[in-house]
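# Descriptive structure summary
Chain by chain, the residues:
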Amino acid sequence: MSTPITVHKLSQFSGHRDCIYILEKDLNPNIFYSGSGDGMVVKWDITAPENGELLIKVPNSVYSLKLIEEENQLLVGHNFEGIHLVDLNEKKEIRSVKLTSSYIFDISTWEDKIIAACGDGEVIVLNKDNFSRIYSIKVTDKSARSISINPLLKEIAVGYSDNNIRIYSLEDFSLKQVISGHTLSVFTVKYSPDFKFLFSGSRDAHLK
């Protein structure tokens, strides 16, 4: 017989006025960031939940955030527009690029590259230093929903709304493998900490 899980509410973080789509950790274990449908990206401290700090406000929803740890910068995926780069030390935007007229569902980084998964099915690779476009992958018109990096195998897994997961090489972005099995959109993919397993979650209510 399984042991019931007891949950106790510790804090409440209030301030957003629309759906919260994404949370991202900071190097400081007490700090995290949130992005939402109201276009706000907010910095929170778990020791002072009543004091959310607005970092950036954009006109459209924010579905994706990614911390660049080595530079202490935050990438913000701005739907229908592009990507903004926020310097967390100076608390100001330092760069942006018009990337797509669709959603930006996920952002990740690999070495000197930024990789974005978009609602029109495109996966876009940018130079991290100047935001110039390096490569584009487009194999379907269905949304690219989630990405996960495997540094050991130098590959990236992308979950799509055509129900498939595609594995690409991080060296030349060639297609290595197509994994089927879900019957609806693959909303999230994540490699395990040891990178031996790839987990996927889908709109079909299955975790594989």
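Notes on the structure follow. Quick caveat, the model's predicted, so the values are computed rather than measured.

## Side note on the overall build of the chain
Of regular secondary structure, the chain possesses 0 helices and 18 strands. The C-alpha radius of gyration computed for the chain amounts to 17 Å, which stays within 12% of the reference 17 Å derived for 208 residues, consistent with globular compactness. Taking all 208 residues of the chain together, the buried fraction comes to 50%. The long-range share in the chain, meaning contacts at least 24 apart out of those at least 6 apart in sequence, stands at 32%. Here the chain has roughly 11100 Å² of accessible surface; of this, 50% comes from carbon and sulfur atoms. In the chain, 23 positive and 27 negative side-chain charges are present, and the distance between their average locations comes to 4 Å.

## Some thoughts on the pairing of strand β14 (residues 155-160)
Counting buried positions along β14 gives 6 out of 6 residues, so the element sits mostly inside the fold. Every second residue of β14 is oriented toward a common face, with E155, A157 and G159 on one face and I156, V158 and Y160 on the other, all of them buried. Two strands pair when backbone bridges link them, and strand β13 (residues 144-150) and β14 are joined in this way by 6 bridges, in the antiparallel orientation. Across the sheet, the residue bridging to I147 is V158, located in β14. Once β13 ends, the chain turns through 4 residues before running back antiparallel as β14, passing K154 with a positive phi of about 50°. One ladder, built from 5 bridges, connects β14 with strand β15 (residues 165-169); its direction is antiparallel. The residue bridging G159 from the neighbouring strand is I165, located in β15. Linking β14 to β15, which pair antiparallel, is a turn of 4 residues; within it N163 sits at a positive phi near 80°.

## As for the side chain of H84
Tracing the chain through its elements places H84 in strand β7 (residues 82-87). Judged by relative accessible area, which is 11%, H84 ranks as buried. At a separation of 3.0 Å, a polar atom in the side chain of H84 contacts the side chain of H78. When sequence neighbours within four positions are dropped, the list of residues in contact with H84 reads I56, V58, L74, L75, V76, H78, E93, R95 and S96.

## Describing the pattern of salt bridges
Tallied over the full model, the rule gives 8 salt bridges. Of the charged contacts, one joins K113 and D112 as a salt bridge, the two residues approaching to 3.1 Å between their closest N and O atoms. We classify K113 as buried; its relative accessible area is 15%. Looking at D112, the relative accessible area reads 36%, which means it is partly exposed. Across the salt bridge formed by D162 and R166, the nearest N and O atoms sit 2.7 Å from each other. Each member of the pair, D162 as well as R166, is classed as buried.

## Points about the packing of aromatic side chains
Aromatic ring pairs are defined here through the distance separating the ring centres and the angle between the ring planes. Enumeration according to the criterion identifies 8 aromatic pairs in this entry. Note on F13 and W44: the rings are 5.6 Å apart at their centroids and 80° apart in plane angle, and the pair reads as edge-to-face. One end of the pair, F13, is in the segment before β1 (20-25); the other, W44, is in strand β3 (residues 40-45), with 31 residues separating them in the sequence. Overall, F13 belongs to the partly exposed group, its relative accessible area being 28%. Residue class for W44 comes out buried when judged on its relative accessible area of 3%. Taking 4.4 Å as the distance between ring centres and 70° as the angle between the ring planes, the aromatic pair formed by Y21 and Y63 counts as edge-to-face. Here Y63 lies in strand β5 (residues 62-68) and Y21 lies in strand β1, a separation of 42 residues in the sequence. Taken together, the ring pairs connect Y21, Y63, F80, Y103 and F105 into an aromatic cluster. Over the ring of F131 we find R95, and its NZ or CZ is 5.4 Å from the ring centre. Across from the ring centre of Y160, 4.7 Å away, lies the NZ or CZ of R166, which sits over that ring.

Rules of the game
- Residues numbered from 1 in each chain as written.
- Predicted model: local features only at pLDDT ≥ 70, side-chain atom pairs only at ≥ 80, totals over all residues.
- Heavy atoms only, no water.
- Helix = DSSP H or I, 4+ residues; strand = E, 2+ residues; numbered from the N terminus.
- Rg over C-alpha atoms; globule rule 2.2 N^0.38 Å.
- Buried < 20%, exposed > 50% of the residue type's maximum accessible area, 1.4 Å probe, protein only.
- Contact = heavy atoms within 4.5 Å.
- Areas by Shrake-Rupley, 256 points an atom, 1.4 Å probe, with all protein chains shown as cover.
- Lys, Arg positive; Asp, Glu negative; His and termini not counted.
- Charge placed at Lys NZ, Arg CZ, Asp CG, Glu CD.
- Pairing = 2+ DSSP bridges.
- Polar contact = N/O pair within 3.5 Å; in protein donor to acceptor, adjacent residues only side chain to side chain.
- Salt bridge = Lys/Arg side-chain N within 4 Å of Asp/Glu carboxyl O.
- Phe/Tyr/Trp six-rings, centres within 6.5 Å; stacked < 30°, edge-to-face > 60°.
- Lys NZ or Arg CZ within 6 Å of the ring centre and 35° of its normal.

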